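So the chains spell out like this:
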Amino acid sequence: MYDVKFCPQCGTRMEEREAFGRLRPVCPNCGLIFFRDLKVAVGALITNGSNHVLLVRRAVRPEKGKWALPAGYMEYEEEPIQALKREVAEETGLDVDPLRVLDVFPLHNPYARGVVIVYEARVRGPVPDVVNPEDDVDEARWFAREEIPWEELAFESTRTILRRWSENLVS
Ligand SMILES: [Zn+2]
């Protein structure tokens, strides 16, 4: 299970060796051990104050065309809350403040493994009725509980968070 064929530091062909408890790619020349990194994504449950939740339709893989919470990967130099605010702004133009962490889910798709941290977040200032999709999404809109497109949700984490949210609403 090689992640890299050549040493990212010196270019020598990597060898599979025991290192820190398992076989990993190790450089026989400079000794560099290659650790496969996990990815961290952040997502936001954002509501409008009248029992509608904000979902975005993904315009990129994976799960292109399906609805999800505004979300994305942390950049290397970011902290989680910075990443959350940036991703929400990039996808919807909204400025949000995180309120609390709702849950942490395993993340696994064809391109990455890791975790997704889902926050509850609140829009700063007046909440707009119409949200313009930007960046990696082609639609963004508010959904009432009975409008949630359960058959067209992107990720298990999206589904779980929305199910909990809709069950906790006062009917
Ligand atoms: Zn090397």
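Scoring rules and cut-offs
Residues numbered from 1 in each chain as written. Predicted model: local features only at pLDDT ≥ 70, side-chain atom pairs only at ≥ 80, totals over all residues. Core = buried A, V, L, I, M, F, W, Y, C linked by C-beta atoms within 7 Å. Buried ≥ 20, exposed ≤ 12 C-beta atoms within 10 Å, placed from the backbone. Helix = DSSP H or I, 4+ residues; strand = E, 2+ residues; numbered from the N terminus. Domains from an automatic or database assignment. Expected span 1.5 Å × (residues − 1). Arc of directions from axis to C-beta. Contact = placed C-beta atoms within 7 Å. Pairing = 2+ DSSP bridges. Axes fitted to C-alpha atoms, helices over the stretch in contact; angles between N-to-C directions.

(A) Representation of the nonpolar core within the structure. Formed by 33 residues in total, the largest nonpolar core has its most connected members in Ala44, Leu45 and Ala68. Sorting the residues of this core by element identifies strand E3 (39-46), strand E4 (52-58), strand E5 (67-68), helix H1 (80-92), strand E7 (96-109), strand E8 (112-123), strand E9 (137-144) and helix H2 (156-168) as the ones contributing at least two each.

(B) Region of the structure containing the domain arrangement of the chain. Taken domain by domain, the chain comprises domain 1 (1-36) and domain 2 (39-168). The C-alpha-based centres of domain 1 and domain 2 are spaced at 36 Å.

(C) H2, seen in detail. For H2, spanning 13 residues, the distance from its first C-alpha to its last is 18 Å, which sits close to the expected 18 Å at 1.5 Å a residue. Every buried residue belonging to H2 is among Ser157, Thr158, Ile161 and Leu162, and all of these are buried. Down the axis, H2 shows its buried residues gathered within 120° of arc, on one side only. Projecting away from the buried face of H2 at angles above 90 degrees are the exposed residues Arg164 and Glu167. On its buried face, H2 sits against E3, E4, E5, E7 and E8.

(D) Spotlight on the sheet that holds E8. Pairing within the open sheet is mixed, and its 4 strands lie in the order E6-E3-E8-E7. Looking at strand neighbours, the two that pair on one side only are strand E6 (71-73) and E7, the edges of this open sheet. For this sheet the average axis-to-axis angle between neighbouring strands, irrespective of direction, equals 20°. Relative to E6, E3 is paired through 3 bridges, and the arrangement is antiparallel. Across the sheet, the residue bridging to Gly43 is Ala71, located in E6. Across the face of the sheet, H1 comes into contact with E3, E6, E7 and E8 while running at roughly 60° to E3.

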